[in-house]
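The lines below spell out each chain.
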Amino acid sequence: METRYIFVTGGVVSSLGKGIISSSIARLLLSRGFNVTIQKFDPYINIDPGTLNPYEHGECYVTVDGHEADLDLGHYERFTNIKTTRANNITTGRVYQSVIDKERRGDYLGKTVQIIPHITDEIKRDVKLLGSKGDYDFVITEIGGTVGDIESLPFLEAVRQLRWELGNKCICVHLTYVPYIRAAKELKTKPTQHSVKQLQQVGIQPDILVLRTEHDIPQAMRRKVAQFCNVSPDAVIQSIDAPTIYEVPLMMHDQHLDEIILDKTATPYEGEPDLTKWNHFLNKLNAATDEVRIGLVGKYVALQDAYKSIDEALFQAATYNDRKLRITYINSEKLTDANVDEMLKEQDGIIVAPGFGQRGTEGKYVALKWCREHDIPTFGICLGMQCMVIEWARNVLGMADANSVEMDPKTQYNVIDLMEEQKSITNMGGTMRLGAYACHLTDGTIVAKAYGKLNIEERHRHRFEFNDDYRAQFESSGMKCVGENPETHLVEVVEVPKLRWYVGTQYHPEYSSTVLSPHPLFMDFIRAAINFKGSKAQK
Ligand code: GLN
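Structural notes, computed from the coordinates. (Residues numbered from 1 in each chain as written. Predicted model: local features only at pLDDT ≥ 70, side-chain atom pairs only at ≥ 80, totals over all residues. Heavy atoms only, no water.)

## Examining the site of the ligand
Right, so step 1: Around the ligand, a shell composed of Pro354, Gly355, Phe356, Cys382, Leu383, Gln386, Glu406, Arg461, His462, Arg463, Phe464 and His508 is seen.
Right, so step 2: In the model, an oxygen atom of the ligand is placed 2.9 Å from a nitrogen or oxygen of the Gly355 main chain.
Right, so step 3: The contact in question runs from an oxygen atom of the ligand to an N or O atom on the backbone of Leu383, over 3.0 Å.
Right, so step 4: Here the ligand, which alone exposes 290 Å², has 99% of that area covered by the protein.
Right, so step 5: Its residues assigned to classes, the shell around the ligand comprises five nonpolar, four polar and three charged. (Near = heavy atom within 4 Å. Polar contact = N/O pair within 3.5 Å; in protein donor to acceptor, adjacent residues only side chain to side chain. Areas by Shrake-Rupley, 256 points an atom, 1.4 Å probe, with all protein chains shown as cover. Nonpolar A, V, L, I, M, F, W, Y, C, P; charged D, E, K, R; others polar.)

## Topic: the sheet that holds strand E6 (residues 138-143)
Right, so step 1: With parallel pairing, seven strands are arranged side by side in an open sheet as E5-E2-E6-E1-E7-E10-E11. At either margin of the open sheet sits one strand with a lone partner, and together these are strand E5 (89-91) and strand E11 (236-240). Ignoring which end each strand starts from, the neighbouring axes of this sheet average 20° apart.
Right, so step 2: Taken together, the five bridges between strand E1 (residues 4-10) and E6 define a ladder with parallel strand orientation. Its bridge partner being in E6, Ile6 is matched across the sheet by Ile140.
Right, so step 3: Of the strands in this sheet, E1, strand E2 (36-42), E5, E6 and strand E7 (170-177) touch helix H6 (residues 153-166), which is tilted by about 140° from E7.
Right, so step 4: Strands in contact with helix H7 (residues 190-201) are E1, E7 and strand E10 (208-213); relative to E7, the strand with the most contacts, it is inclined by about 145°. (Pairing = 2+ DSSP bridges. Helix = DSSP H or I, 4+ residues; strand = E, 2+ residues; numbered from the N terminus. Axes fitted to C-alpha atoms, helices over the stretch in contact; angles between N-to-C directions. Contact = heavy atoms within 4.5 Å.)

## A few points about the packing of helix H4 (residues 92-105) against helix H5 (residues 115-132)
Right, so step 1: H5 packs onto H4 with a crossing angle of 115° between their chain directions and a minimal axis gap of 10 Å. In this structure, the crossing between H4 and H5 has a hand that is right-handed. When H4 is examined against H5, the residues Val95, Tyr96, Ser98, Val99 and Lys102 are found in contact with a partner set consisting of Ile115, His118, Ile119, Glu122, Ile123, Arg125 and Asp126.
Right, so step 2: Per-class residue counts for the contact of H4 with H5 are six nonpolar, two polar and four charged. (Left-handed = near helix turned anticlockwise from the far one by under 90°.)

## Some points on the pattern of salt bridges
Right, so step 1: Counted according to the given criterion, the structure contains 37 salt bridges.
Right, so step 2: Close ionic contact of Glu391 with Arg372 constitutes a salt bridge, the shortest N to O distance being 2.7 Å. Taken together, the positions of Glu391 in helix H15 (residues 383-395) and Arg372 in helix H14 (residues 361-374) put the pair 19 residues apart, joining distant regions of the chain. The two residues Glu391 and Arg372 agree in class, both being buried.
Right, so step 3: With a shortest N-O distance of 3.8 Å, Asp375 and Arg500 are connected by a salt bridge. With a gap of 125 residues between them, Asp375 in the loop between H14 and strand E15 (378-381) and Arg500 in the loop between strand E21 (491-495) and strand E22 (502-505) connect regions that are remote in the sequence.
Right, so step 4: Several salt bridges share partner residues, and in doing so they unite Lys40, Asp42, Asp70, Asp72 and Glu142 into one network. (Salt bridge = Lys/Arg side-chain N within 4 Å of Asp/Glu carboxyl O. Buried < 20%, exposed > 50% of the residue type's maximum accessible area, 1.4 Å probe, protein only.)

## Describing the side chain of Arg433
Right, so step 1: Take Arg433: it is sitting in strand E17 (residues 433-441).
Right, so step 2: Among the polar contacts listed, one links the side chain of Arg433 to the side chain of His460, at a separation of 3.2 Å.
Right, so step 3: Those residues in contact with Arg433 that lie beyond four places of it in its chain are Met419, Gln422, His460, Arg461, His462, Asn485, Leu490 and Glu492.

## Considerations on unusual backbone geometry
Right, so step 1: A cis amide bond links Ile116 to the next residue, Pro117, at an omega of 15°.
Right, so step 2: Within the secondary structure, Pro117 sits in helix H5.
Right, so step 3: Its identity is not glycine, yet Asn230 carries a phi of approximately 60°, on the positive side.
Right, so step 4: Here Asn230 lies in the loop between helix H8 (219-229) and E11.
Right, so step 5: The exposure class assigned to Asn230 is exposed, which follows from its relative accessible area of 57%.
Right, so step 6: Phi at Asp375 takes a positive value of approximately 50°, unusual for a residue other than glycine.

Given below as structure tokens:
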């Protein structure tokens with residue numbers, strides 16, 4: 001089948017959940033048996049979000065091929081089980097970099113290089129690159145930002161041209177916001193009308209409108225929007241606040257969004273999407289009443305999306321274990337010996353989060369000492385694992401100033417050290433140890449049992465590593481190195497067998513947990529937390 005292109009744009013305000021709508025469309029089309037891929041275009045100038053502070057755009061997601069990506073790619077993977085790559089996330093910076101490289105090589109043969117056609121051609125090339133491989137029936141492209149932003153104009157111009165060139169093989173789904181004015185007790189569609197006008201001004205007529213709303217939008221109001229915006233009334237769909245984002249595909253299907261897309265792109269189809277497994281997950285979610293309480297210790301706790309993939313991996317694992325997840329974010333900067341008991345004692349399991357830099361690490365050591373001494377299930381991820389190693393060195397091995405050279409380059413006990421290949425690197429962007437690497441696990445360990453196999457692959461994002469010079473001391477004192485890279489022998493997993501569940505991974509298992517394939521290590525951690533809760537109750 002000739003590839004169809006679906007663009008998802010947004011209007012009125014940001015944060016409406018374009019990523020969730022795009023992922024839901026992908027889920028529905030996949031469940032109908034189509035081959036689908038999904039990509040994100042971000043209008044900012046950064047080459048990738050890898051160097052951005054989480055306070056800017058939330059968590060940085062990492063693809064298997066080592067691209068530091070927008071967190072929406074995490075949604076795409078969690079909804080679709082598709083493994084995204086570098087090709088699925090383009091920024092203005094990358095578009096310009098590529099055009100400037102071509103200009104320097106002389107590829108433009110003396111022409112003046114301009115936004116139109118050179119930048120827009122580059123964007124169009126990127127849109128079609130995924131489709132040109134012939135593997136996909138649908139390429140869904142989410143355009144970051146909001147219609148009306150100066151920086152998204154070249155992307156919208158590329159969409160306009162593609163719609164013209166591809167005819168009904170290309171459609172635009174526009175997501176807008178319908179605010180509720182409480183004093184007037186009224187929903188207001190004017191911002192939507194204006195946002196569609198703005199799209200029309202750049203030559204794009206949306207085919208489908210998805211209206212984000214906190215209240216049910218009456219049919220008459222939807223018809224009015226249709227009339228004002230040149231959209232057929234059945235193609236005005238509401239996306240009302242949902243208890244979880246995973247309900248959204250069903251809500252979209254109930255309003256026939258998938259059928260409307262198939263009709264508008266002249267795609268033959270029959271029957272209904274097979275959402276059996278998806279519904280199984282939602283049924284478990286809705287049936288769960290007992291809680292499992294997880295404390296997440298990190299420094300970015302004030303920001304909703306900073307630990308997005310960990311939150312979702314925990315949520316999926318809790319749901320499959322028939323529990324309601326209750327996460328408490330614990331600010332590591334505020335943790336002290338004096339308050340740690342109060343801050344952690346209600347929890348059934350503790351996650352020590354990834355991160356960068358000194359700030360907040362001392363609180364992580366306080367938390368880890370408490371976790372060890374209280375034998376509560378504890379999961380350290382990336383910096384969290386490194387902190388487990390440092391805390392052990394300081395408090396079990398008596399190496400008082402043990403540290404990572406990231407925090408203290410002069411430490412006497414550099415139990416976490418800079419990787420050899422990192423020593424000559426001066427450029428910060430895209431130069432960490434990134435993407436999926438093989439790891440061999442030791443038979444009989446917690447991790448090996450959790451995975452049910454010994455050879456795994458997981459994604460990484462770090463510069464520092466366990467210093468092998470200390471391995472023997474850790475092993476003989478009870479912290480075991482139970483996973484290593486088969487080629488470089490870098491230590492990837494540590495655990496303390498004499499504790500209930502005390503595991504640290506240098507890699508990020510959270511990136512590969514999806515709704516239909518929850519991650520085995522998160523599943524096992526949640527099981528341990530549930531058992532621990534049970535044992536507390538019996539006391
Ligand atoms: N800052 C640590 C490193 O670079 C850990 C990174 C992380 O937690 N992702 O090695």
